[in-house]
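Listed below are the residues making up each chain.
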Amino acid sequence: DNSSEDPGFDRSAMLESMANNLIIPNFQSLQSSVDNLLTATSNFNENTTEQNLVALREAWMQSVIDHQHCSAFGFGPASLPLGPYASVLAVFPIDEQQVEANMLDENFNLQASFDRDVRGFYTVEYLIYDQDRTDAEIIADFDQSRKDYLLLVANELKVTLDAIVTEWTGSYLQAFINNDGTAAGSSVSLLYNEFVKDYENLKNFKVELPAGLTAGQAGADGSLVEAFYSGISRQLITEHFENSKNIWLGLSRNGQDLTGFEEYLETVENGSALIQATKEVIGEIDNAIAALPAGRLSENVESAEIVTLRDKLQANTANFKSSMSSLLGISITFNSGDGD
């Protein structure tokens, strides 16, 4: 008997709770910060000063922090023609040479491009940060082609987030709540699979890959960290894992108690044991993140602390993925070679 079919748990209530108190508010926050990013971009383009560059960076930083709280929801309205929005608009590292070539191409059409590493949040970052140059030097080199490309990328972010929020707050919300089965394509399956995939993205691409811990790598490479140019990689790891916890625990971003996967697990056989084991490892991951060296993560990718964080994240992968999938009767629908 599949314990996930236990009629004692109301999956539609969980979906409603998560949609109205976590998913939609998080996307609305990201929409607002992207609006501010576009405004700051326009102000900078019109008056290219160091003061406006600082304001633009602040707007970018808030938007990319808010993005961490949405990247697990790349289904439904956030499933774009090129893939889940985070895999389209939050790719790192970006292709610096191609971005530079695009800026010089008067006929370049971002909408017609299939390249993911020339757009999105981290292309904006590349354009407005440079560890090797002063702000005055960045300003001096910000010609019209750079301004045009910056505005082009920021506009795409706004158009995309506006569309996502409009659809979520429109007809998709009720359809999401009503589709409360556990089969592939159901809302529970979509939410669960994107949650697990997003967690693995945190482990694989934000921690393991730059640390040189992926099979076949020659060694660590600090340039592979998220937010390499700005140096806020450590903060983004913290924010990303915070959202993973919120989904699993059933918490809004401001700490309001919701119905999440923990409550779902409480209703199935052996769920309580998995909850206890998972909470123990979550605490260890929190401690491992807090122990990461201060400063730029790119300069500390060979530290013992980042290896410890990778190991703790890996230890929890089976809890979030194979064990939960088995107990709740939800199939993993994405390609995964994680080895757990």
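Summary of the structure given here. A quick note: this is a predicted structure, and the numbers were derived from the prediction, not measured.

About the cut-offs
Residues numbered from 1 in each chain as written. Predicted model: local features only at pLDDT ≥ 70, side-chain atom pairs only at ≥ 80, totals over all residues. Heavy atoms only, no water. Salt bridge = Lys/Arg side-chain N within 4 Å of Asp/Glu carboxyl O. Helix = DSSP H or I, 4+ residues; strand = E, 2+ residues; numbered from the N terminus. Buried < 20%, exposed > 50% of the residue type's maximum accessible area, 1.4 Å probe, protein only. Expected span 1.5 Å × (residues − 1). Axes fitted to C-alpha atoms, helices over the stretch in contact; angles between N-to-C directions. Parallel < 35°, antiparallel > 145°, perpendicular 65-115°, else oblique. Left-handed = near helix turned anticlockwise from the far one by under 90°. Contact = heavy atoms within 4.5 Å. Nonpolar A, V, L, I, M, F, W, Y, C, P; charged D, E, K, R; others polar. Phe/Tyr/Trp six-rings, centres within 6.5 Å; stacked < 30°, edge-to-face > 60°.

## Things to note about the pattern of salt bridges
Evaluated as defined, the whole model comprises 17 salt bridges. With a shortest N-O distance of 2.9 Å, Arg 119 and Glu 156 are connected by a salt bridge. Taken together, the residues Arg 119 in the loop between α4 (96-104) and α5 (121-128) and Glu 156 in helix α7 (residues 144-178) connect sequence positions 37 residues apart. The exposure class of Arg 119 is buried, given its relative accessible area of 3%. Judged by relative accessible area, Glu 156 falls into the buried class, the value being 17%.

## Notes on helix α12 (residues 304-328)
In this model, α12 (25 residues) spans 36 Å end to end at C-alpha, consistent with the 36 Å of a helix rising 1.5 Å per residue. Looking one or two residues past α12, Gly 329 carries a phi angle of roughly 70 degrees, positive in sign.

## Some remarks on the packing of helix α1 (residues 11-46) against helix α2 (residues 50-68)
In the contact formed by α1 and α2, the axes pass within 8 Å of each other and the chain directions differ by 160 degrees. Taken as axis vectors, α1 and α2 run roughly antiparallel relative to one another. Both α1 and α2 take part in a crossing whose hand is left-handed. Across the interface between the two elements, Ser 29, Leu 30, Ser 33, Val 34, Asn 36, Leu 37, Ala 40, Thr 41, Asn 43 and Phe 44 from α1 touch Asn 52, Leu 53, Ala 55, Leu 56, Ala 59, Trp 60, Gln 62, Ser 63, Asp 66 and His 67 from α2. For the contact of α1 with α2, the residue count by class is 10 nonpolar, nine polar and one charged.

## Observations concerning the environment of Asp 148
Mapped onto the elements, Asp 148 comes out in helix α7. Along the sequence, Asp 148 and Ala 136 sit 12 residues apart, while their C-alpha atoms lie 19 Å from each other.

## Looking at the packing of aromatic side chains
A full pass over the atoms with the stated rule returns 22 aromatic pairs. Relative to Tyr 264, the ring of Phe 9 lies with its centre 4.4 Å away and its plane at 5 degrees, an arrangement referred to as stacked. Residue Phe 9 is found in the segment before α1, and its partner Tyr 264 is found in helix α10 (residues 261-265); the two are separated by 255 residues along the sequence. Residue Phe 9 is classed as buried on the basis of its relative accessible area of 11%. For Tyr 264, a relative accessible area of 1% translates into the label buried.

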